[in-house]
Amino acid sequence: WSRRPFLDPGLDPARDSAVMPVATYSPCLLDREFRRFYSALPANTLVDEYRCYQLWHLMSPVSDVDGDILEVGVWRGGTGCLLAARARQLGIGTTVHLCDTFEGVVKTGDRDDHYRGGEHADTSEDEIRTLASGLDLDNLSIHRGIFPEDAPKELSGRDYRFCHIDVDVYQSGKEVFEWVCERMPVGGVVVFDDFGVSSTRGITHLAHELETV
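(A) View of unusual backbone geometry. In the segment running from Phe 147 into Pro 148, the intervening peptide bond is cis, with an omega of 5 degrees. One can find Pro 148 in the loop between β5 (140-144) and α6 (153-156). The backbone phi angle of Lys 107 is positive, close to 65 degrees, even though this residue is not glycine. With respect to the secondary-structure elements, Lys 107 resides in the loop between β4 (96-100) and α5 (125-134). You will see that His 120, though not glycine, has its phi angle at about 65 degrees, which is positive. Tracing the chain through its elements places His 120 in the loop between β4 and α5.

(B) Just the pairing of strand β6 (residues 160-165), in detail. Of all 6 residues in β6, 6 are buried, a share of seventy percent or more. As defined by bridge partners, strand β3 (residues 68-72) adjoins β6 across 5 bridges and the pair is classed as parallel. Its bridge partner being in β6, Val 72 is matched across the sheet by Ile 165. In this view, the connection linking β6 to its parallel neighbour strand β7 (residues 189-192) by way of helix α7 (residues 170-181) has right-handed handedness.

(C) Quick peek at the state of the cysteines. All chains considered together, the criterion is met by 0 disulfides. In this model Cys 163 remains outside any disulfide bridge; the closest cysteine sulfur is found in Cys 181, 8.4 Å from its own.

(D) Quick peek at the sheet that holds β7. Overall, parallel pairing links the 5 strands, which are arranged β5-β4-β3-β6-β7 in an open sheet. In this open sheet, the two edge strands, each paired with only one partner strand, are β5 and β7. Strand-to-strand twist in this sheet, taken as the mean axis angle between neighbours without regard to direction, amounts to 15 degrees. Against the sheet, helix α4 (residues 78-90) contacts β3, β4, β5 and β6, and its axis sits at roughly 165 degrees relative to β3.

(E) The pairing of β5, seen in detail. Relative to β5, β4 runs parallel, the two being bridged by 5 bridges. Within the sheet, the bridge partner assigned to His 97 lies in β5 and is Ser 141. This β-α-β element, β4 to α5 to β5, shows right-handed connectivity.

Cut-offs and rules
Residues numbered from 1 in each chain as written. Predicted model: local features only at pLDDT ≥ 70, side-chain atom pairs only at ≥ 80, totals over all residues. Heavy atoms only, no water. Helix = DSSP H or I, 4+ residues; strand = E, 2+ residues; numbered from the N terminus. Buried < 20%, exposed > 50% of the residue type's maximum accessible area, 1.4 Å probe, protein only. Pairing = 2+ DSSP bridges. Right-handed = clockwise from strand over helix to strand, strands pointing away. Disulfide = S-S within 2.5 Å. Axes fitted to C-alpha atoms, helices over the stretch in contact; angles between N-to-C directions. Contact = heavy atoms within 4.5 Å.

Encoded structure:
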């Protein structure tokens with residue numbers, strides 16, 4: 001699907017396309033199942049519609065990979081419930097594990113120039129359960145604590161086909177990534193939600209580091 005906006009005849013499409021695109025492609029606007037679930041999420045996520053659709057779309061390649069689904073950095077459960085809904089739609093009969101301190105961001109450091117610790121503490125486990133119940137999702141498991149050191153032993157013995165890392169800061173992202181990579185089979189997918197965001201440069205730095213590994 002594409003849409004051609006009005007163009008001033010004086011514009012050079014090649015030069016000015018970054019300001020006024022000649023065409024846009026927005027499949028998220030036509031995906032009815034995605035829109036049905038996403039419409040229930042705005043109060044429960046800080047992740048924009050386009051990144052939410054990327055998560056929805058990226059679940060497809062892991063349909064035939066073994067393992068559970070993990071999200072670390074849950075806030076009010078919007079993207080976690082979206083992953084659970086998508087897993088159910090794809091027939092992935094596995095658990096979606098949602099891990100959060102429920103006390104805000106932790107492990108801030110020198111590479112993080114925006115976060116100082118404690119941000120995004122305005123949430124609760126009950127808020128996530130209420131959202132999941134309203135969406136009729138029963139394939140979620142919520143875990144409270146600093147990840148990975150407070151992760152229940154039951155999580156350590158599992159494999160993970162998909163991991164959404166939304167922890168905002170360098171050190172936390174690094175530790176989550178290293179932990180899950182040891183438990184991810186070939187074909188698994190890791191998504192850094194905060195890559196490229198101006199307020200989360202620590203995560204961008206981490207992703208660039210991993211490119212060289």
